[in-house]
Amino acid sequence: MTDESTGSAEPVTADGEVVARSPRRRLRLLLVVAAVVLVLDVVSKVLAVHLLTPGQPVSIIGDTVTWTLVRNSGAAFSMATGYTWVLTLVASGVVVGIIWMGRRLVSPWWALGLGMILGGALGNLVDRFFRSPGPLRGHVVDFLSIGWWPVFNVADPAVVGGAIFLVGLSLFGFDFDAAGRRTADDAAGRRTADDAAGRRTADDAAGRRTADGEPTERTASDEANPT
């Protein structure tokens, strides 16, 4: 009897656990996180432009924390000014790379970190493309100043924080294509399984060669000793 459910079966792990379309769910999580960061960034920039005056800081905590409207032609935290169009192209490449990588995501933690980076990159790209002095050369709106730190916006700490988060995940063994933490034992187990699969394949091939050779040997024997 034919099993009609075979074609629609969900992928399973080595332990028999069902993995129900994890990459698709992780991609949705990534996009949701990115959308939240993007909305917060765009809305906060619009409010900053309408409510703040350049060169007139508004105190939040004395002179240490202030609202300070700045137009930034550089990267995050006002770095690399003068390379606006290069930064725009780099950010566009990052966005494409994250979306491509998101199609293979299994880890929800990686989806969170990549979503933060994607949302921040998109937030600053909106300024690069739609603010003066023109497309690819637009200046990013920064508005929050804390002590000696350069003025920044919502997108900047999202990008930097997401990158630091991903580095931490890698250091602690959380890979983007694994649901949980991978340990040395897991790696050894995967190598053992791969070696066993290789041995089985070699044994199967040898068995097929033996099976293919047996009829020939019997035929030659039969011809040498006819009955």
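Residues numbered from 1 in each chain as written. Predicted model: local features only at pLDDT ≥ 70, side-chain atom pairs only at ≥ 80, totals over all residues. Heavy atoms only, no water.

### Description of the overall build of the protein
A tally of helices and strands in the protein yields five helices and four strands. When its helices and strands are written in sequence order, the protein yields α-β-β-α-α-β-β-α-α. Pairs at least 24 residues apart make up 63% of the contacts formed inside the protein by residues separated by at least 6 positions. Roughly 14400 Å² of accessible area belongs to the protein as shown, and the carbon and sulfur atoms make up 64% of that amount. (Helix = DSSP H or I, 4+ residues; strand = E, 2+ residues; numbered from the N terminus. Contact = heavy atoms within 4.5 Å. Areas by Shrake-Rupley, 256 points an atom, 1.4 Å probe, with all protein chains shown as cover.)

### Some remarks on the UniProt feature "transmembrane region" (unreviewed entry) in the protein
When the UniProt feature table is mapped onto this chain numbering, "transmembrane region" (unreviewed entry) sits at residues 29-52, 82-102, 109-126 and 146-172. What you have in residues 109-126 is 100% helix and 0% strand, and the ends, taken at the C-alpha atoms, are 26 Å apart. Between the end C-alpha atoms of residues 146-172 the distance is 31 Å, and the span holds 63% helix and 19% strand. (UniProt positions renumbered as here; feature names shortened; annotations may be inferred.)

### Comments concerning the side chain of Arg26
Locating Arg26 in the fold gives a position in helix H1 (residues 22-51). On the accessibility criterion, Arg26 (17% relative accessible area) is buried. Separated by 2.6 Å, the side chain of Arg26 and the backbone oxygen of Val106 make a polar contact. Sequence-distant contacts of Arg26, defined by excluding residues within four places in its chain, comprise Leu105, Val106, Ser107, Pro108 and Ala111. (Buried < 20%, exposed > 50% of the residue type's maximum accessible area, 1.4 Å probe, protein only. Polar contact = N/O pair within 3.5 Å; in protein donor to acceptor, adjacent residues only side chain to side chain.)

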